[in-house]
Amino acid sequence: MHYFFKNLTFGSGDFVSLFSLFFDNLSTLLGFSGAILGLSSTSTLLPEIVYQRIIPAAGIMLFLGNLFYSWQATRLTEKYGHKYTAQPYGLNTAGGFPFIFGIIYAVYFSYTPVCPADGSGCDPLEEENNRVELAWRVCVAANFITGIINIVLGFFGPTMMRVFPVAAMLVPLAGIGFTWLALNQIAPNFATPAIGLLPVFLIFTQYYGRGRFHICNGFYLPEALPIVVFGVIAGWAYGTNTTVTDPVSPGIWAGGAFIEGFSDIGSYIGVVLPFSIAASFVDMMCLVSAQKAGDPFPIGETMVADGIGTLIGAMLGSPFGTVVYVGHPVHKRVGAKTGYSLMNGCIYLVLCLSGVFPVILSLIPVIAIGPIIFIFGLMICEECTLHIAQRHHSAIFFGLFFGVCDYIYTQFGPANTNNGPNAMSKGSALSCMLWVAIIVYTIDRKWVHAGVFCMVAAIFAAIGLIHQNQAFDNFTTGFQDVNNTSPFQFMIGYITMAALCAFMKFLQVVNPKKLQPDEEGYENDHGYLPEISEKGVDNLFETWWDPIKGDLDKDTTVKTAKERFQDDDDV
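Calculation criteria
- Residue numbering note: each chain is counted from 1, following its sequence as written.
- Restriction of local features to residues with pLDDT of at least 70 applies here, the model being predicted, together with a cutoff of 80 or more for giving and counting side-chain atom pairs; totals for whole chains, interfaces and linings are based on all residues.
- Just so you know, side-chain values use all the structure's heavy atoms and leave hydrogens and water out.
- Secondary structure follows DSSP: runs of H or I at least 4 residues long count as helices, runs of E at least 2 residues long count as strands, and numbering of each begins at the N terminus.
- Note on classification: 1.4 Å probe, protein chains only; a residue is buried when its accessible area is under 20% of the maximum for its type, exposed when over 50%, partly exposed between these limits.
- Contact criterion: two residues are considered in contact whenever any of their non-hydrogen atoms come within 4.5 Å of each other.
- All accessible areas in this document rest on Shrake-Rupley with a 1.4 Å probe, and a residue is counted as covered only by the protein chains that are shown.
- Aromatic pairs are defined between Phe, Tyr and Trp rings, using the six-membered ring for Trp, whenever the two ring centres lie within 6.5 Å; interplanar angles under 30 degrees are classed as stacked, those over 60 as edge-to-face, and all others as tilted.
- A ring is considered to have a charge above it if a Lys NZ or an Arg CZ atom is located within 6 Å of its centre and within 35 degrees of its normal.
- Put simply, a disulfide is two cysteine sulfurs that come within 2.5 Å.
- To define axes, lines are fitted to C-alpha atoms, for helices over the stretch in contact only, and angles between the resulting N-to-C directions are given on a 0 to 180 degree scale.
- Between 65 and 115 degrees an angle is taken as roughly perpendicular, under 35 as roughly parallel, over 145 as roughly antiparallel, and anywhere else as oblique.
- Here a crossing is taken to be left-handed if its near helix is turned anticlockwise relative to the far helix by less than a right angle, and right-handed if that turn runs clockwise.
- Salt bridge criterion: a side-chain nitrogen from Lys or Arg within 4 Å of a carboxyl oxygen from Asp or Glu.
- pLDDT gives the predictor's per-residue confidence on a scale running from 0 to 100.

**Observations regarding the overall build of the protein chain**
Right, so step 1: Scanning the protein chain from N- to C-terminus turns up 23 helices and 4 strands.
Right, so step 2: Expressed as a percentage of its 571 residues, the buried residues of the protein chain come to 55%.
Right, so step 3: Considering only intrachain contacts with a sequence separation of at least 6, the fraction spanning at least 24 residues in the protein chain is 80%.
Right, so step 4: Split by element, the accessible area of the protein chain, about 23400 Å² in all, is 65% carbon and sulfur.

**Considering the packing of aromatic side chains**
Right, so step 1: Within the structure shown, the criterion is met by 21 aromatic pairs.
Right, so step 2: Feature note: the residues Phe398, Phe401, Phe402, Trp435, Phe490 and Tyr494 constitute an aromatic cluster, connected by ring pairs.
Right, so step 3: Between the NZ or CZ atom of arginine 53 and the centre of the ring of tryptophan 136, over which it lies, the distance is 4.8 Å.
Right, so step 4: Cation over ring: arginine 131 sits above tyrosine 108, and NZ or CZ is 4.0 Å from the ring centre.

**Observations regarding the state of the cysteines**
Right, so step 1: Counted under the stated rule, the structure contains 0 disulfides.
Right, so step 2: Free cysteine: cysteine 454, not disulfide-bonded; nearest cysteine sulfur from cysteine 501 at 4.2 Å.
Right, so step 3: Judged by relative accessible area, cysteine 454 falls into the buried class, the value being 1%.
Right, so step 4: In this structure cysteine 501 comes out as buried when scored by relative accessible area, which is 7%.

**Some words on the packing of helix H7 (residues 166-191) against helix H19 (residues 428-443)**
Right, so step 1: At a closest axis distance of 8 Å, the pairing of H7 and H19 adopts a crossing angle of 140°. Between H7 and H19, the angle falls in the class oblique. Of the two possible hands of crossing, H7 and H19 adopt the one that is right-handed. Along the contact surface, H7 presents Ala167, Ala168, Met169, Val171 and Pro172, while H19 presents Ala429, Cys432, Met433, Val436, Ala437 and Val440.

**Quick look at the pattern of salt bridges**
Right, so step 1: Under the criterion given, the structure shown has 9 salt bridges.
Right, so step 2: Residue glutamate 128 is joined to arginine 131 by a salt bridge in which the shortest nitrogen-to-oxygen separation is 3.9 Å. In this pair, glutamate 128 and arginine 131 both sit in helix H5 (residues 124-154), 3 residues apart, roughly one turn of the helix.
Right, so step 3: Judged by its relative accessible area of 11%, glutamate 128 falls in the buried class.
Right, so step 4: In this structure, the salt-bridge partner of aspartate 295 is lysine 332, at a minimum N-O distance of 3.1 Å.

**Thoughts on the confidence of the model for the protein chain**
In regions of low pLDDT, the predicted coordinates are not meant to be interpreted in detail.
Right, so step 1: Summing up the model confidence of the protein chain, the mean pLDDT is 84 and the portion of residues at 70 or higher is 88%.
Right, so step 2: Model confidence for the protein chain, summarised as mean pLDDT per element, is weakest for helix H23 (residues 561-569) at 44 and strongest for helix H21 (residues 487-510) at 96.
Right, so step 3: Low confidence marks residues 555-567, where pLDDT is under 50. Its contacts with residues over four positions away, or in another chain, come to 14 contacts.

Below, the structure written as structure tokens:
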């Protein structure tokens, strides 16, 4: 363990990233808490569930996860001689909001009252508390399932990296960054423009204009600090914040809700599975993002660790999991290494278990938090364009449609609407990943690969994992209606796409282009173009450890790179 303290850093970049990661998690917790508390205005149990069960569980998860990923980065730094930036670890934003609105809200509003219709002999408050607790319990069980799926997928992570193109892993993250981490975060600022616009503008002066404020002797204020200071002062002076919430009793809750929820989850399993699978795939997307920034991490180790963290959270009452967080390339860009993650975990352990978290949430206005998260969402989209081949950029913009639809319908849209945008919003991360893979392989004329992903999409659509409110339901409903979005209709659509891919492959084989572009008569050769093959576009695992080979080559004590890699490839 000597290498942990040897490679643990507390440089200026670590403090810049600490500000960002801290407020990122704070903003997410604020959003999650507000969404759950908005479920019921009469339940006396709901505040207890949020502040004395969910928040403490989040603190434990954040501490253990941040500690682990600081240790992982120091271990890999020592092993490979490559300066790693620890993977940011936080609440699963991409999975949390769908879990809240798609599971907690769905269970709450579909609850069948036990009371007689006339209300005789029934305590309305007790009934409301039972309704709230059932919704929370089912979501906790769903979170436990997500942890199991994450662990299982961890053993197949390298195989999936060989199959999926890079763009299919990065574009869904860009969709999350563009909507939940960018647009959603600055919306409150535009709702209070008198004090809200300046924090947004400060983002561009501090991060892009490099207009950091110099204090003395070469010390500059961290980019996020002026935004937070102005936001807090302006929020209280302007009146957006008027009261401070009382603290709650410190401590942590543990119980059997994650087991009890299984007895109630049966009728909601179709809602749970798509969200659980999509939330698990976010891990792989973040790993690809980190690898493209120059830090390849062990795939299986990361996914299994996140799965274990989510299982622990579910046992402690959390309805949403924790994962390696989007934005690693941004933390690396600002110079962070390993200390920021450990500091973040320690801070949240104290805040979440001491009972003061409600006070913190009430002190800091949302206009001060949102812009800091916004810059990370924006930079994630930038990273996406940097690491995806230019010929595939059309797939980026097409893939964003799914994230935008998901955001619109999660935040503002009705739950049951039979139209295209609503269908695109369901299972948006999975849909985006599949469509981007199909488009990338189509652009590269790899028709067999494209056809396989079309058939996978057809299976997912038939089951209801994508495009539907819940899985295993209403397969053929309205299949004779031309304007219907049933699983059957989507399955047929994807199968016809696969058939076209097969036909294009047939033409490519029987009538290929016989001349090269630089040969005379090329323009008159009307055969079909061959596949485009480029290292690093797909089969990413083949080049997974390439970013650190240069560091290994400098180490004369290393016999072969393969010997250093094989241990991490196995996990």
